[in-house]
Amino acid sequence: MQVKAPDRAAAEHRAPPEHAARRALTTTPGWRRAWRSRRLQGLGYAAPTAVFVAVFFLLPLLLVGQMSLSDWPLLAGDRGANAPENYTDVTGSPLFWPAVRFTLLYTVIVTVVLLGLALLLALLVQESRPGAGFFRTVYFLPGALGLASASLLFWGLYSPTTGPLGDILENLALVDEPVSFLGTPTSALLSTVFLVVWKFAGFYMLILLVGLQRIPHEVYEAARMDGASRAQIFRSITLPLLRPSLALSLLLCVTGSLLAFDQFFVLTKGGPDNSTVTVVQLVYREAFQRLDLGTAAALSIIVLAALLLLNVLQFRGLRRADES
Amino acid sequence: MLTRALGRTPYYVVAGGLAVIFLFPLLWNAWASVSPQPGTAQDSGHGLGNYRTLLEYDAGLLQYLLNSTVVSALTVALTLGVSLLGGYAFARFEFPGKNLLFLLTLAILMVPYATLLIPLYVLLGRLQLQNSLLGLSLVLAMFQLPFATFMMRISFEAVPRELEESALVDGCGTAGALRRVLLPAVRPGLITVGLFAFLAAWNDFITPLILIADSEKAPLPLAVANLRQQSMGAVDYGATEAGVVVLAVPCLLLFLLLQRHYVRGFMSGALKG
């Protein structure tokens, strides 16, 4: 929810000059000095933010760039430049392209299933009828859990020995032999998707709910007076007017899925047979299992570049859609 | 009346069915954590055996709870402090570099966790902050800044300027105006930011995984994840389920307590656009 909003706010609030404050201050002598001191005070209040951004954001960004061009073992060792070796190491790794393919596949599946379900939930709880508040809370509840906790929870739930799901499916006669939820590449992927959808559906429901509630009632009433059917109203009013919220959800969901880590690290450990290794897991393995920070940095830079490119394209696509 | 009730039935069937699916994993986990399972401390009858295992695991549950509490409290305090002052500056003052700094703060969102964590691992080593809870909190607070700063800026902008001006005319400095007049007015924003920062810090997994090396400094999620793969492949599902309960309960309680403010914060400002 944080990604899109700022642009507009930044534009809206681009320096509404401090008319009122200035007026108050110009009535006293020495207002010029007071005005200058007000600028200094503003700098002072912003200083902690500036320090954080400089030390923990900009400096690491510069460092990761430098690391990606150097030989950088985890522990002490030679740290000379070796460009572009780290980058060729990354793309030459046998796990790299499978990880890219798997991450993209996972992103597509999660995005479609998650946003579809979130929209359904939002439409369900949109009207304030008895119980709607309760349902909203219940659907959101998994969102208060951490992704790692949720993954540990589902790890027990999917367990062939203690998990109840196999029994339930057998009792419902949906399957006739024990299910191995994490045992095959396909079932491991789908089991993870189910966990992620359970954990995040309520969060995206909330975003879409905000969008739904900003559609004025009069628009619906007018459409109903004109005799539009429910399906028509949904297609030609709800969906188009919900586009900003859908776009925001899409952006967050795609970005989050491309950077997936916790769920695979905890639930599948990348298995079976490295079939569920994501790109961020590869960064972790390069750095802390192969002890090569330089290659991990190069891979990070590639991920960053891909994500920036994707976001630029997405913004462009959205703007073009706005114009048409 | 009857036909209306009948008309509603499908709604309650669908919404209720979904509610059962959403609640089931949580309820099952809580139940399983006190149920008998072979290979756990609770192998017959219901009871708290798994929680006792957790209490004694490695550095001990209390140590991990303490670690998580310290990290979360520090992160919330840092996030609230920095974003309160920053939000005030961005909403009410003009100073050179203001827009650039605001955009840079928001840009933190655009950079993947993993991209920053590798150099932060090196950098914190140089600052003597590697493997420390303070270092971990500083990093977690930095990741919170885009949302927190944005939220606080909006909160300050929603307060009428006259409030602050009258305080200034009455002889307060800007710090006095902030403390006496503005602080109460931006409290809903602070609650949303604080809850957000708490949930993120309490639940974060990848940051301590990379930045914390000693097991006795691990926060709870990391400790529970380590616990289940302990001792030669023997897996203790019971203790893991107990760990998930301990992890989840504070989050669920806090969310239920504050959800009114949280949802309002969500609806009011953070989602404009």
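Everything numeric here is computed off the predicted structure, so don't read it as measured data.

Following the UniProt record, the feature "transmembrane region" (unreviewed entry) maps to residues 12–31, 64–88, 100–121, 133–152, 189–213 and 237–258 of chain B here. Between the C-alpha atoms that bound residues 12–31 of chain B there is a distance of 26 Å. The span itself is 100% helix and 0% strand.

Aromatic ring pairs are described here by two measures, namely the spacing of the ring centres and the angle between the planes. The final tally for this structure, using the stated rule, is 34 aromatic pairs over all chains. Consider the rings of Phe-154 of chain A and Trp-198 of chain A, whose centres lie 5.0 Å apart with planes at 55°: the pair is tilted. Taken as a pair, Phe-154 of chain A in helix 7 (residues 147–157) and Trp-198 of chain A in helix 9 (residues 185–213) lie far apart in primary sequence, 44 residues in all. There is no split in this pair, since Phe-154 of chain A and Trp-198 of chain A are both buried. With centroids separated by 5.2 Å and ring planes inclined at 85°, the aromatic side chains of Phe-288 of chain A and Tyr-121 of chain B adopt a geometry described as edge-to-face. With Phe-288 of chain A in helix 14 (residues 279–288) and Tyr-121 of chain B in helix 5 (residues 113–126), the pair connects residues from two separate chains.

It is worth spelling out the pattern of salt bridges at this point. With the rule as written, the count across this model stands at five salt bridges over all chains. Ionic pairing is found between Glu-164 of chain B and Arg-92 of chain B, a salt bridge with its closest N-O pair at 2.7 Å. Of this pair, Glu-164 of chain B sits in helix 7 (residues 161–169) while Arg-92 of chain B sits in helix 3 (residues 61–92), and the two are 72 residues apart along the sequence. Classification of Arg-92 of chain B by relative accessible area gives buried; the value is 2%. The partner of Lys-98 of chain B in a salt bridge is Glu-94 of chain B, and the shortest N-O contact between them spans 3.3 Å. With a relative accessible area of 5%, Lys-98 of chain B lands in the buried category. Look at the salt bridges and you will find they share partners, linking Arg-38 of chain A together with Arg-92 and Glu-164 of chain B into a network.

This brings us to the interface of chain A and chain B. With 103 residues of chain A at the interface, the matching set in chain B holds 98 residues. For the pairing of chain A and chain B, the buried interface totals around 9,300 Å² over both sides, and the portion due to carbon and sulfur atoms is 78%. Looking at the side of chain A facing chain B, the largest losses of area belong to Tyr-45, Phe-52 and Phe-56 of chain A, adding up to 9% of the total buried there. Summed over the shared surface of chain A and chain B, the number is one salt bridge. Ionic pairing is found between Arg-38 of chain A and Glu-164 of chain B, a salt bridge with its closest N-O pair at 3.8 Å. Applying the counting criterion to the chain A and chain B interface returns 13 residue pairs in polar contact (both at pLDDT 80 or more). Considering every element that reaches the side of chain A that touches chain B, the biggest residue donor is helix 3 (residues 31–68) of chain A, with 22 residues.

Mapped onto the fold, Thr-115 of chain B is located in helix 5. In this structure Thr-115 of chain B comes out as buried when scored by relative accessible area, which is 0%. A distance of 3.3 Å separates a polar side-chain atom of Thr-115 of chain B from the backbone oxygen of Ser-300 of chain A.

On to the confidence of the model for chain B. On average, chain B scores 88 in pLDDT, and the residues at 70 or more come to 92%. Scored as a complex, the prediction yields pTM 0.88 and ipTM 0.89.

Thresholds applied
Residues numbered from 1 in each chain as written. Chains lettered and ligands numbered in written order. Predicted model: local features only at pLDDT ≥ 70, side-chain atom pairs only at ≥ 80, totals over all residues. Heavy atoms only, no water. UniProt positions renumbered as here; feature names shortened; annotations may be inferred. Helix = DSSP H or I, 4+ residues; strand = E, 2+ residues; numbered from the N terminus. Phe/Tyr/Trp six-rings, centres within 6.5 Å; stacked < 30°, edge-to-face > 60°. Buried < 20%, exposed > 50% of the residue type's maximum accessible area, 1.4 Å probe, protein only. Salt bridge = Lys/Arg side-chain N within 4 Å of Asp/Glu carboxyl O. Contact = heavy atoms within 4.5 Å. Buried area = accessible area lost by both parts, 1.4 Å probe. Polar contact = N/O pair within 3.5 Å; in protein donor to acceptor, adjacent residues only side chain to side chain. pLDDT = per-residue confidence, 0-100.

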